[in-house]
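Observations on the three-dimensional arrangement
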Amino acid sequence: MFVITLATGTYAVFTSMGSVNSKLFPRLLSLMGMGIFLLLPILVPLSERIKEHWHGKCWIRRDPRICDLSNLEEEIRTPQEEINCVVKEDNDVGFAVMEEIGAKKMLMRLDFWLYFLIYLFGATLGLVYLNNLGQIADTRGCTATSSLVSLSSSFGFFGRLLPSLFDYLFSRSKYAISRPATIAVIQAPMTCAFFLLLNNSHIALYISTAIIGICTGAITSISVSQTTELFGTKNFGVNHNIVVANIPIGSCLFGDLAAMLYRRQGNSTSTYEGSCLGMKCFQTTFVIWGCLCFLGTCLAFILHTRTKKFYRHIRGGN
């Protein structure tokens, strides 16, 4: 499934790149190709079904630590399976959490405010950039706005997918790191991307957009597990919605800041009131956003320091 999904995303990137699309992928061929990729996931359960029918038995795959023996057929259950199987009851679904707390207690925790600011200066800042991508491209004289939007969407998709792939490959490895440390590692290149935007070339714009897109998607995906591990599963819905409340707050703050600086530069350099063209339109904005993203990276390392004992414990360390 990961291979199929990555192939679909890669195909979407190439077929959305303006002139490249028109030369290498005619519109009808692009639609046919995307249709084939979207149908490929059906082959996974279909192949399993054919395999089960061919061998005349049901192949049950499960995590041996979490299962219910009552639903297993006697002829396919072995004594070893019974020994290795631990039935989880009530709300215990196998998640390791620091503590189960409600919204009021969460708001009194330093870890929450660190996490809130990390998200604010990371994923939210990335979303503000992507929402203003069209205007940013226009001020720099880049006419391929649709290609930039497609690029950001595709790499945002890759970002949402990659954390689960890394969890699958490295969650039990000695190289695994905590989620706060993962967010810090992700926000570091995002910081560099904002400062790279100070370069006037279109290549810098494309590279920065791809980096910000993938980092924003990755942090958004990681945040679900991060909220669960820090504050528990029982009040997850309320707790996580409080965390992501920083999205409208940050969009208002950072968007208004960018608009104010844009109008100020436009009034000083253009004959038309409020309009702006050139690198100066968002230059100060990118410097501020880059500094805030760097601050978010530092806060993520602080949160990692505060929680590393917990993550060491759930990974079997001392």
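Computed from a predicted structure; not experimentally measured.

With that out of the way, let us pick up the overall build of the chain. Across its full length, the chain holds 14 helices and zero strands. Secondary structure elements of the chain, listed N to C terminal, follow the sequence α-α-α-α-α-α-α-α-α-α-α-α-α-α. In the chain, which comprises 318 residues, the proportion classed as buried is 36%. A separation threshold of at least 6 residues defines the contact pool for the chain, and within that pool the share at least 24 residues apart is 74%.

Let us now look at the packing of aromatic side chains. When we look at a pair of aromatic rings, we describe it by the centre distance and by the angle of the planes. By the definition in use, this model includes 15 aromatic pairs. Relative to Trp289, the ring of Phe286 lies with its centre 6.2 Å away and its plane at 65°, an arrangement referred to as edge-to-face. Taken as a pair, Phe286 and Trp289 lie in helix α14 (residues 280-314) at a separation of three residues, close to a single helical turn. A network of ring pairs unites the aromatic residues Tyr129, Phe194, Tyr262, Phe282, Phe286 and Trp289 as a single cluster.

Working definition: the covalent bond between the sulfur atoms of two cysteines is a disulfide. Considering all chains together, one arrives at one disulfide under this definition. Note that Cys276 is cross-linked by a disulfide to Cys281, the S-S spacing being 2.0 Å. The disulfide joining Cys276 to Cys281 has a torsion of about -100° about its S-S bond and is therefore left-handed. A residue is classified by how much of its surface remains accessible, and Cys281, at 1% relative accessible area, is buried. For Cys215, which is in no disulfide, the shortest distance to another cysteine sulfur is to Cys293 and amounts to 7.8 Å.

Parameters and conventions
- Residues numbered from 1 in each chain as written.
- Predicted model: local features only at pLDDT ≥ 70, side-chain atom pairs only at ≥ 80, totals over all residues.
- Heavy atoms only, no water.
- Helix = DSSP H or I, 4+ residues; strand = E, 2+ residues; numbered from the N terminus.
- Buried < 20%, exposed > 50% of the residue type's maximum accessible area, 1.4 Å probe, protein only.
- Contact = heavy atoms within 4.5 Å.
- Phe/Tyr/Trp six-rings, centres within 6.5 Å; stacked < 30°, edge-to-face > 60°.
- Disulfide = S-S within 2.5 Å.

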